[in-house]
Structures are given as C-alpha cells and as structure tokens.
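Residue-level structure breakdown
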Amino acid sequence: MTIRRAFADLSVGQVHCASCGDADAPAVLLLHQSPRSWAEYRDVLPLLGARYRAIAMDTAGFGDSSDGGVPASIGQWARVACELLDALGIRQADVVGHHTGGVVAIELAAAFPDRVRSLVLSSTPCTDEPFRIARAQRPPIDEVAPSEDGSHLAALWQKRQGFYPAGRPDLLEAFVLDALKVGHRVEEGHRAVASYRMEDRIGRVTQPTLIIRATDDPFAAPHAVELQHHLPQARIVDIEGGMVPLPDQMPEAFAQTVIDFLSTLP
C-alpha cells in the first residue's frame, strides 16, 4: 500500500505527515516518541491503512515539521496536532501515541475532547510529581557532546543500544537519523514530557482508552498500572518482548493490537 507524504501550512509553518488508506475511512492519528519522526510508524501505516485513514505526523519541531520558533511543550504539540486535523478535514480521530506521543495524545484528548474518539497509549509515562523529581535527578536521555572525530555518533547509538533488540541495527540507525535531524534540540521532547503536569489534565480524559505495555521496556512498562488508575475506563494489553522502539520493532503485533481495540468501539 502506498504511503503518501504531504505538508500542511499551520500556525508554526509547514508540518509534515504521511498517510495510508482511503480518505473516507475513519481517521487514526499516530504520534511518535522523541526524538523520532513519522518513520517510527513506516511499517504500521500500511497495516492500519487497510481499514482506516492512517496518518503519522511529525511533531512540531521534529522530522520535517517546523516548530515556528514556539517553545516546545506538550500543550503546544497537541494544539498543532489539532490544527493538522483541521487542515486535513478530519472532524474526529482515534489517536495513537507512543512514549512522548502518548503524552501528547492525553493532552489532545483533554484539550480537544470532541476531536478524539478514542486513545491508544503505547509505552506512555505517567508524569506526576514523583516522575518530575526523578527525571530532574537523571542525566540527559539522548544528548551527547559533539566531537571532532565523530565519536559522538557512536555515543548516541550506545545510549539507546541496551533498550533495543539485539540483531536489529536498522532500528538504531532509524533512531540516529531522526536524532541527528533534530540536532541540538534532541532533548526537547524529553524535557517537555518531564515538565508536563499530567495530573492536572488526565482527569479530563473520558474517551475509551487502550494502554499498550511493551513488556521489555523498562522506562514505560511500570507506568501502565499508574495510567490505568487515572483512566478507569482503560484496559491494558501486553505485547511480549516489546522494547522502546515497539512500533517499528514489532509493527504487525502493534497494528493488530490497535485494530483489535478499534474494532470493539461502537
């Protein structure tokens, strides 16, 4: 199935997205982790596109999307996502978010409830006060100091290597490509998540919700039960062996889990 790529002129400038499926089918908006891009869903799009109008956007300031010089925040990224829905003529969408994308999805559902039919929160952190305190005490997640001999590129690879499956250098290559594209702003997404007061917003989320727990993702897996506590309408589905790059690590399992959930909705 053909992936179609396009730009929309929004408040921040040009925002990039990729899509698959019939334009008249129900819309599914896919939001990526930091510092990735739509390419995280490259292999998921055709699978969802067989039934839905599947759209993976580059978050403002990531991939090929402009940030418009506006400070990075979860609220800002949710507003731009809503602008994209407007530009595409989509009244309502099911929203799928992975890691940072899941946090943006929560804010999108809280701020624009009539635009979000349901949520799929994949490997999504619960960003309460203990989370913010813990994050402030840890070193940067992806940031590396530039070096003249290029050794910082290997350092960037090695920061993620332990959280990616063995024998899949393609997944690390995809991460490094996206991280290099973002450049010195590689930590922006992590900082935006760390400063987001989810506890003030998540109570507004009433949409049907699925929580995907990648069992081998040490950062996100423990948060699934916390999220479910705040979202009593949500259920948890485990994807065994899933790691940090779940959508591009296991696209078939990821897409089928989303399809199974969406097919239960009225």
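Whatever comes next refers back to the structure up there.
Our subject in this report is the structure included herewith.

Turning our attention to empty space enclosed by the protein. Enumeration according to the criterion identifies 1 cavity of 30 Å³ or more in this entry. Space inside the largest cavity adds up to approximately 40 Å³. If you go around the largest cavity, the residues you meet are Ser-123, Thr-124, Ile-211, Ile-212, Arg-213, Ala-214, Asp-217, Ala-220, Ala-221 and Ala-224. Ranked by residues supplied to the lining of the largest cavity, first place goes to strand E7 (residues 209–214) with 4 residues. Its residues assigned to classes, the lining of the largest cavity comprises 6 nonpolar, 2 polar and 2 charged.

With that settled, the discussion passes to helix H6 (residues 169–182). For H6, spanning 14 residues, the distance from its first C-alpha to its last is 20 Å, which sits close to the expected 20 Å at 1.5 Å a residue. Among all positions in H6, only Leu-171, Leu-172, Phe-175, Val-176, Asp-178, Ala-179 and Val-182 are buried. Viewed end-on, H6 has its buried residues packed into an arc of 165 degrees, placing them on one side of the element. Contacts made by the buried residues of H6 are with helix H5 (151–161) and helix H9 (246–249). Looking one or two residues beyond H6, the residue adopting positive phi is Gly-183, at roughly 70 degrees.

Here we take up the side chain of Thr-59. For Thr-59, the position within the fold is in the loop between strand E4 (53–57) and helix H2 (74–87). The exposure class of Thr-59 is buried, given its relative accessible area of 9%. Ignoring anything within four residues of it in the chain, the contact list for Thr-59 reads His-32, Ser-65 and Trp-77.

Moving on: the packing of H2 against helix H3 (residues 100–111). Between H2 and H3, the shortest axis-to-axis distance is 8 Å and the interhelical angle comes to 70 degrees. Classified by the angle their axes make, H2 and H3 are roughly perpendicular. Residues Ile-74, Gly-75, Trp-77, Ala-78, Ala-81 and Cys-82 of H2 pack against Thr-100, Val-103, Val-104, Glu-107 and Leu-108 of H3. Here the contact of H2 with H3 is composed, by residue class, of 8 nonpolar, 2 polar and 1 charged.

For the coordinates displayed, the defined rule picks out 4 aromatic pairs. Both rings, one in Phe-62 and one in Trp-77, keep their centres 5.6 Å apart while their planes meet at 80 degrees; by these two values the pair is edge-to-face. Of the two residues, Phe-62 sits in the loop between E4 and H2 while Trp-77 sits in helix H2, which places them 15 residues apart along the sequence. The class of Phe-62 is buried, set by a relative accessible area of 1%. Here Phe-163 and Phe-219 contribute two aromatic rings whose centre-to-centre distance is 4.7 Å and whose plane-to-plane angle is 55 degrees, an arrangement assigned as tilted. Taken together, the positions of Phe-163 in the loop between H5 and H6 and Phe-219 in the loop between E7 and helix H8 (223–230) put the pair 56 residues apart, joining distant regions of the chain.

About the thresholds
- Residues numbered from 1 in each chain as written.
- Predicted model: local features only at pLDDT ≥ 70, side-chain atom pairs only at ≥ 80, totals over all residues.
- Heavy atoms only, no water.
- 1 Å grid on protein atoms, 1.4 Å probe; cavity = no way out; pocket = protein on both sides within 12 Å on 5 of 7 lines; lining within 4 Å.
- Points joined across faces, edges and corners; volume = space filled by probe spheres on them.
- Helix = DSSP H or I, 4+ residues; strand = E, 2+ residues; numbered from the N terminus.
- Nonpolar A, V, L, I, M, F, W, Y, C, P; charged D, E, K, R; others polar.
- Expected span 1.5 Å × (residues − 1).
- Buried < 20%, exposed > 50% of the residue type's maximum accessible area, 1.4 Å probe, protein only.
- Arc of directions from axis to C-beta.
- Contact = heavy atoms within 4.5 Å.
- Axes fitted to C-alpha atoms, helices over the stretch in contact; angles between N-to-C directions.
- Parallel < 35°, antiparallel > 145°, perpendicular 65-115°, else oblique.
- Phe/Tyr/Trp six-rings, centres within 6.5 Å; stacked < 30°, edge-to-face > 60°.

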